[in-house]
Amino acid sequence: HESKVSVLDRILPKYKLPTSRSTTPDQVLSTALTDQTQKSSSSSWSYGEFAKQYPNVNNIGIATIKTASADLLAQVVIAQTPVSEIDWQRAFLFCAFGATYLGAFQYWYQVNIFKKLFDVDKFTSQPWSEK
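Counting restarts for each chain: residues are numbered from 1 in the order of the written sequence. At least 70 in pLDDT is required for a residue's local features to be given in this predicted model, at least 80 for side-chain atom pairs to be given and counted, and no such filter applies to totals for whole chains, interfaces and linings, which use all residues. For side-chain calculations, the full set of non-hydrogen atoms in the structure is used, while hydrogens and water are omitted.

A. Structural view of a nonpolar patch on the surface. A cluster of nonpolar side chains, contributed by F94, F97, Y101, F105, W108, Y109, F114, L117 and F118, occupies part of the molecular surface with about 880 Å² of accessible area. The secondary structure listing takes helices from DSSP runs of H or I that are at least 4 residues long and strands from runs of E that are at least 2 residues long, numbered from the N terminus. Mapped onto the elements of the fold, F105 is located in helix α5 (residues 88-117). Residues enter patches when they are more than 30% accessible in relative terms and free of salt bridges; like-charged ones are connected within 9 Å and nonpolar ones (Val, Leu, Ile, Met, Phe, Trp, Tyr) within 5 Å. Method for areas: the Shrake-Rupley scheme with a 1.4 Å probe, in which residue coverage is limited to the protein chains shown. Here, a salt bridge means any side-chain nitrogen of Lys or Arg that lies within 4 Å of a carboxyl oxygen of Asp or Glu.

B. Main features of the confidence of the model for the protein. Mean pLDDT over the protein works out to 80, with 67% of the residues at or above the 70 mark. Each residue gets a pLDDT score, which is the predictor's confidence in that residue and runs from 0 to 100. Confidence, expressed as mean pLDDT per element, reaches its minimum in the protein at helix α1 (residues 4-15) with 54 and its maximum at helix α4 (residues 55-78) with 95.

C. Structural context of α4. Its 24 residues place the ends of α4 33 Å apart at the C-alpha level, agreeing with the 34 Å of an ideal helix rising 1.5 Å per residue. When a residue's accessible area, from a 1.4 Å probe over protein chains only, is under 20% of the maximum for its type it is buried; when over 50% it is exposed; and in between it is partly exposed. Residues of α4 that are buried include every one of N58, A63, T64, T67, A68, D71 and Q75, and no others. In what follows, residue pairs with any heavy atoms lying within 4.5 Å of each other are defined as contacts. Its buried side turned inward, α4 meets α3 (47-53) and α5. Positioned one or two residues after α4, Q80 has a phi angle of 55°, which is positive. Each helix should span, by expectation, one fewer than its residue count multiplied by 1.5 Å.

Given below as structure tokens:
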């Protein structure tokens, strides 16, 4: 078995962790492991970053899923259609409507036209108390 000191000797140069006489080996090892966990989790996929980087694609996806879900809910719950008898042609038509009109066109319209009609940047930069 390797001692904690020899493991720390290999970790310290890699992470360039500060040490002092008051720092225990357990504290240094814990800091190194925390840093590694943060690095690996920061490289994972983030929905927030995706939405910021691809707002149009994000909006199309949300509108498509929302519209398709609403139609399936209407068919199964409201109309009480058995799942085996769902009208899939209708469901896919709602998917297409959600993607093209609600997703793509409405996103374009609201972003481009509303920016010309209203001072969107001023409004979005205000604190909540002033909105």
